[in-house]
Amino acid sequence: MALSDRPAERHRQVAGLFTDRVRGTRSWDAPSPVAGWAARDVVRHLTEWCSGFLASGAGIELPRGPSVDENPVAAWQVHCDGVQAVLDDPETAHRQLTNPHTGSMPLETAIDQFYTADVFMHTWDLARATGQDDRLDPDFCAQLLGQMEQMEQVLRSSGQFGTRVEVPGGADTQARLMGFIGRDPFWSGR
């Protein structure tokens, strides 16, 4: 299924896949492809940074669920539902998010470009950490890779992405995207 180009619907689709992986996780302490992170830390990252991003840039306070240490499934669900409610709110179309690194932009665009894309890529991390299906939408992989390659120096200097991992010349778009963001696309956790 192709992903929507509308921010609210794309978040619903991307977060839905991540939610499936969250619900399918059996070991929250399993190592992830992100150095030093366990499966639980993937959820922690997504729930923590987005809340701060929206609070500081748009004055939005998302609902808080239990801590990721107590109940990662419930923590994710409360967070995910909160972001979706923001995107589904008709007033969101008239709101801006302002950030010293990105300037001002429509709130739904900021959520889509920064947060939904991050959920998409971290779906692979959680799936790999927990032995679940790690296939991502190939068209969105290509779109993200194309956008990020155009600003590689800015991304690398941000410290948010690891060193690019070289992949074989015939690698598919998903493997190239994972390599670009610093993941070994062949990581198995073993």
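Attention in this report is confined to the structure presented alongside it. (Residues numbered from 1 in each chain as written. Predicted model: local features only at pLDDT ≥ 70, side-chain atom pairs only at ≥ 80, totals over all residues. Heavy atoms only, no water.)

A count of helices and strands for the protein chain gives seven helices and two strands. Relative to its length of 190 residues, the protein chain is compact, with a C-alpha radius of gyration of 16 Å against a globular reference of 16 Å. Its C-alpha atoms give the protein chain principal-axis dimensions of about 45 × 40 × 35 Å. The buried share of the protein chain, taken over its 190 residues, is 47%. Sequence separation of at least 24 residues holds for 63% of the intrachain contacts in the protein chain that already meet a minimum separation of 6. Approximately 9600 Å² of the protein chain is accessible, and the part contributed by carbon and sulfur atoms is 49%. (Helix = DSSP H or I, 4+ residues; strand = E, 2+ residues; numbered from the N terminus. Rg over C-alpha atoms; globule rule 2.2 N^0.38 Å. Buried < 20%, exposed > 50% of the residue type's maximum accessible area, 1.4 Å probe, protein only. Contact = heavy atoms within 4.5 Å. Areas by Shrake-Rupley, 256 points an atom, 1.4 Å probe, with all protein chains shown as cover.)

Turning to the nonpolar core, a few remarks are in order. Grouped together as the largest cluster of nonpolar side chains are 48 residues, with contacts concentrated most on F18, L54, W76, F120, M121 and L177. Taken together, the elements giving at least two residues each to this core come down to helix 1 (7-23), helix 2 (39-58), helix 3 (72-88), helix 4 (107-130), helix 5 (138-149) and helix 7 (173-180). For this core, the leading source of residues is helix 4, giving eleven residues. (Core = buried A, V, L, I, M, F, W, Y, C linked by side-chain atoms within 4.5 Å.)

Right, let's get into the pairing of strand 1 (residues 96-99). A one-sided burial pattern is seen for strand 1, the buried positions being L97 and N99 and the unburied ones Q96 and T98. Looking at chain direction, strand 1 and strand 2 (residues 103-106) are connected through four bridges and run antiparallel. The partner of T98 across the bridge, within strand 2, is S104. Linking strand 1 to strand 2, which pair antiparallel, is a turn of three residues. (Pairing = 2+ DSSP bridges.)

Our next topic: the side chain of Q174. You can see Q174 is positioned in helix 7. Judged by its relative accessible area of 15%, Q174 falls in the buried class. Within the structure, Q174 has its side chain in polar contact with the backbone oxygen of D134 (distance 3.1 Å). One polar contact links the side chain of Q174 to the main-chain amide nitrogen of L136, over a distance of 2.7 Å. Not counting residues up to four positions away in its chain, the partners in contact with Q174 are W124, D134, R135, L136 and C141. (Polar contact = N/O pair within 3.5 Å; in protein donor to acceptor, adjacent residues only side chain to side chain.)

Distances and angles like these do not, on their own, reveal function.
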